[in-house]
Amino acid sequence: MATEQSIERVEDLGEGDKGQAALWGAEIKSANKYLHDWRKDAKHIEERYLDKRGPYEDSEFRVNLFWSTMQVILASLYAQPPKADVKRLYDDPNDEASRVAGEIMGRLLNNDIQRDGSTSNAAIRTAVQDWCIVGMGQVWARYDVETEIETYAEVQDPITGEVMVPEEQVERITKEDALIEWVHWADFLYSPARIWEEVRWVARRVYMTREQLVARFGEEIGRKVPMSQKPATKMDPLNGSSQPIPKDPWNRAEVYEIWDKRTKMVYWYNQECDYLLDQREDPLQLKDFFPCPSPMFANLTSSALLPRPDFIMAQGQFEQMNELNTRATWLTRAMKVVGVYDKSAEGVQRMLSQAIENQLIPVDNWAMFAESGGVKGKIDWLPLDLVSSTVEKLKMFQESVKAQIYEVLGISDIMRGASKASETASAQQIKAQFGSTRMQLKQFAVAKFVQGALGIKAEIIEKHFQPETILKRSNIMMSADAQYAQPAIELLKNPEECEYRVTVEADSLSLVDRNAQIQSYTQMMTAVGQAMQQITPMIEKVPAAAPAMLGIIKSFVAKFKASEELEGMFDQAMQAMQNQINQPKQPDPIKLAEVEEKHAGAIQRKAAAVKSLADAEATTVAAMLPFPAPPEMYVGQPPSTTGGQPPGPQGPQGPQGQPPQMRPQGPQMQQPQQPQQMPGQMPLPGMPR
């Protein structure tokens, strides 16, 4: 059979489907051999973590420090479900489409991973646990869709009966989801490589019943696949086969789902078949092709892409700790008041077993008994002081070994809640920072892994979900950013543009991150409050500057995490202020009423003045007396036709548009004009006829 060293061309293995099956048989065999040593260690480490013992190990008294240490590390790495932080790539405050697109995607991801019973959360948590225990953890993304055939009836012309639109059957999506599934460490395979970027293909092994095989591959192929995975099968590190479900009564077939980056093809293969079960072209169209992120590997080097579990790094100390604890336990059991005595000295035995208080035991031949040393010469006790000192030294040695384990694994005493009363707060803080340095590196690795998994899920949503599904599940239309929903959806459905405007990150994986997040929110609100206090007086003096001031605060807020909703509120406030500035300024109602009241009073005074002048003119004409001045000079009305001198050639205004001079009063008054004769009136004396 071909091996990994003998392959030069695929054609050498056979033609067509048979050649492809032979190729993947050789690839999988090579990968199983490559992972053999690590799988063997991983199985042993998993048994030590669960404290499983063989038939000759029951007499050991172990201290399962590995279990307790992994519990501390796991709690520090994955204290709560992660929160997807989807945001604009460059925090541009005016890129509203990117902001809302990030909010929509964040809602879709968080609604799944943070709800109770989330399969994505369980898958990621189990993968992190595998990484802590055996050195590798992995998840797998999948697009799950359900469809139904919907039939549209034909449309006929009501007059001629001719078929205008023929009957049509359309496949309609009824349910779709992007799932993240856990992959057991023994079921994940990849091509031998030195670093992840050199990996040519990845595969996962799934165990399928006959019914599942028929539903997936059809009746013909589903019935032919051999059910090689028996319920009683044990772990075989060489080929990686293991019992999929303990004590499962169902027979199952091992099916490998293989994603080949070189050909951009996906293959389904069974090792006992000389043909492929199925093959398809790239079904997900992902950027990096693989439906899984880069696995979490422990203690990698650039020589081989093989994990090295943390337990291996401290296995000597763990074994030594168990040996010391076993020895100390047996010595502790031996620490009791026992001794030996002279069998011929019968009184000594009776003294220990039968004597009560104030009772004397008779001894024959007392002189000989006393001469041989008495009781001290007839009995000898177990040296308890020697045993107790040995146990005490063993306990001290155990503490030294425990400190070595914590030093190797990076678990400091302050992180386990142990500190000395004499230590100051500063000393404890320094110890905590030193002890958490390597823990921060592990937290970064977990965050990177979660980010990769959520990024693949986001890609599946962008490229395969219907816009109606995205709008419905995100509930964005009920938010303040509903007006930006349509351009945001268009951006998400355009992967080339979305790649450079929206990014997916993972946050809040540990309690430390949670506290930091709360502190960040507090700092943001404090800074916003101080900024508002500073710009409020300026806005009151210059209202037109309000949108610009709010824009400055919005740019500042955009730098904080989870500020998308606040930015939407700032947008609404800025738009409202801009609309208010663009509208014409409405006068003050109180001042308007005062002006109208003054205007009405002026009109009344003007009317009274006109009436007074008119009455004076009528009286003057009736008495044949000269009138001092035309009324129009005072009230601005046209010259009266019943009295006074008509205007000259220049009209009521004086020369060059200047108002006529008012008549002087008192002694300087001009001579009155001669009254004119009214029609039908006798001429008066002095009037020209």
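Residues numbered from 1 in each chain as written. Predicted model: local features only at pLDDT ≥ 70, side-chain atom pairs only at ≥ 80, totals over all residues. Heavy atoms only, no water.

1. A look at the overall build of the protein
Looking only at helices and strands, the protein features 23 helices and 14 strands. Taking the contacts inside the protein whose residues are at least 6 apart along the sequence as the reference set, 69% of them involve residues at least 24 apart. (Helix = DSSP H or I, 4+ residues; strand = E, 2+ residues; numbered from the N terminus. Contact = heavy atoms within 4.5 Å.)

2. Some thoughts on the nonpolar core
Residues Ile104, Leu109, Phe188 and Val202 are the most contacted members of the largest nonpolar core, which totals 101 residues. Broken down by element, the residue count for this core peaks at 10 residues, all from helix α15 (residues 437–464). Apart from the residues within four sequence positions on either side, phenylalanine 188 is in contact with Leu35, Arg39, Met136, Gln138, Trp140, Val183, Trp196, Val202, Ala203, Cys292 and Pro295. In this structure, Leu23, Ala31, Tyr256 and Tyr269 belong to the second largest nonpolar core, which totals 15 residues. (Core = buried A, V, L, I, M, F, W, Y, C linked by side-chain atoms within 4.5 Å. Buried < 20%, exposed > 50% of the residue type's maximum accessible area, 1.4 Å probe, protein only.)

3. Points about the packing of aromatic side chains
Across all of its chains, the model carries 16 aromatic pairs by this definition. Between tryptophan 24 and tyrosine 267, the ring centres sit 5.4 Å apart and the planes meet at 40°, which makes this aromatic pair tilted. With tryptophan 24 in helix α1 (residues 16–34) and tyrosine 267 in strand β9 (residues 265–269), the pair connects residues that are 243 residues apart, well separated along the chain. Each of the two residues, tryptophan 24 as well as tyrosine 267, counts as buried. Among the aromatic side chains, those forming a connected cluster through ring pairs are Tyr34, Phe188, Tyr190, Trp196, Trp259, Phe289, Phe290 and Phe297. Its end group placed over the ring of tyrosine 275, lysine 224 keeps NZ or CZ at 4.6 Å from the ring centre. Across the ring face of tryptophan 131, the terminal group of lysine 442 is positioned such that the distance to the ring centre comes to 5.2 Å. (Phe/Tyr/Trp six-rings, centres within 6.5 Å; stacked < 30°, edge-to-face > 60°. Lys NZ or Arg CZ within 6 Å of the ring centre and 35° of its normal.)

4. A few points about the confidence of the model for the protein
Averaged over every residue, the pLDDT of the protein is 77; the share at 70 or more is 71%. Here residues 231–235 is a poorly scored stretch, pLDDT under 50, and it has 13 contacts once near neighbours within four places are set aside; other chains count. (pLDDT = per-residue confidence, 0-100.)

5. A short note on the environment of proline 226
With respect to the helices and strands, the residue proline 226 is situated in the loop between α7 (219–224) and β8 (253–260). Along the primary structure proline 226 and glutamate 254 are separated by 28 residues, whereas in three dimensions their C-alpha atoms are 8.9 Å apart. With residues up to four places along the chain from it excluded, the contact list for proline 226 reads Ala253, Asn270, Glu272 and Cys273.

6. Digging into a nonpolar patch on the surface
On the surface, Val155, Met164 and Val165 cluster together to form a nonpolar patch covering roughly 260 Å² of accessible area. Tracing the backbone shows valine 165 in strand β4 (residues 163–165). The partly exposed category is assigned to valine 165, whose relative accessible area is 42%. (Patch = residues over 30% accessible without salt bridge, like charges linked within 9 Å, V, L, I, M, F, W, Y side chains within 5 Å. Areas by Shrake-Rupley, 256 points an atom, 1.4 Å probe, with all protein chains shown as cover. Salt bridge = Lys/Arg side-chain N within 4 Å of Asp/Glu carboxyl O.)

7. Comments concerning the side chain of arginine 204
Checked against the element boundaries, arginine 204 lands in strand β7 (residues 201–208). Residue classification places arginine 204 among the buried residues on the basis of a relative accessible area of 9%. Looking at arginine 204, its side chain comes within polar contact range of the side chain of glutamate 181, at 2.9 Å. The residues touching arginine 204, leaving out its near neighbours within four places in the chain, are Trp140, Arg142, Glu181, Val183, Asp187, Val255, Tyr256 and Glu257. (Polar contact = N/O pair within 3.5 Å; in protein donor to acceptor, adjacent residues only side chain to side chain.)

8. So, the sheet that holds β8
With antiparallel pairing, five strands are arranged side by side in an open sheet as β6-β7-β8-β9-β10. A single partner strand is all that each edge strand has here, and the edge strands are β6 (188–190) and β10 (276–281). Taking the axes of each pair of neighbouring strands and ignoring which way they run, one obtains an average angle of 20° across the sheet. In the sheet, β6 pairs with β7 via three bridges, with the strands oriented antiparallel. Looking at the pairing, phenylalanine 188 lines up with arginine 204 of β7. Against the sheet, α1 contacts β6, β7, β8, β9 and β10, and its axis sits at roughly 80° relative to β9. (Pairing = 2+ DSSP bridges. Axes fitted to C-alpha atoms, helices over the stretch in contact; angles between N-to-C directions.)

9. Focus on the pattern of salt bridges
On inspection of all chains with the given rule, the structure shows 28 salt bridges. Note that aspartate 260 and arginine 262 form a salt bridge whose closest N and O atoms lie 3.8 Å from each other. Classification of aspartate 260 by relative accessible area gives buried; the value is 2%.

10. A word on the packing of helix α9 (residues 315–334) against helix α13 (residues 384–409)
Interaxial distance between α9 and α13 falls to 9 Å at its minimum, and their mutual angle equals 160°. Classified by the angle between their axes, α9 and α13 sit roughly antiparallel to one another. In this structure, α9 crosses over α13, and the sense of that crossing is left-handed. Between α9 and α13, the contacting residues are Gln317, Phe318, Gln320, Met321, Leu324, Asn325, Arg327, Ala328, Leu331 and Thr332 on the first element and Val387, Thr390, Val391, Leu394, Lys395, Phe397, Gln398, Val401, Lys402, Gln404, Ile405 and Leu409 on the second. Looking at the contact of α9 with α13 residue by residue, the class counts come to 12 nonpolar, seven polar and three charged. (Parallel < 35°, antiparallel > 145°, perpendicular 65-115°, else oblique. Left-handed = near helix turned anticlockwise from the far one by under 90°. Nonpolar A, V, L, I, M, F, W, Y, C, P; charged D, E, K, R; others polar.)

11. Some words on helix α3 (residues 65–77)
Compared with the 18 Å implied by 1.5 Å per residue over 13 residues, the 18 Å span of α3 between its first and last C-alpha is a close match. Residues of α3 that are buried: Leu65, Phe66, Ser68, Thr69, Met70, Ile73, Leu74, Ser76 and Leu77. (Expected span 1.5 Å × (residues − 1).)

12. Description of the sheet that holds strand β5 (residues 168–183)
Spatial ordering of the open sheet is given by β5-β2-β11, a layout of three strands whose pairing is antiparallel. Looking at which strands have only one partner, the edges of the open sheet turn out to be β5 and β11 (296–297). Lying over the sheet, helix α5 (residues 119–134) contacts β2 (136–152), β5 and β11, oriented at roughly 160° with respect to β2.

13. Section: unusual backbone geometry
Positive phi is not limited to glycine here, since lysine 264 has a value of about 55°. Here lysine 264 shows up in the loop between β8 and β9. Despite not being glycine, asparagine 299 has its phi angle at roughly 55°, a positive value. Residue position: asparagine 299 is located in the loop between β11 and α8 (310–313).

14. Considering helix α17 (residues 485–492)
Regarding α17, the residues found buried are Ala485, Ala488, Ile489, Leu491 and Leu492. Relative to the axis of α17, the buried residues are bounded by an arc of 160° and lie together on one face. (Arc of directions from axis to C-beta.)

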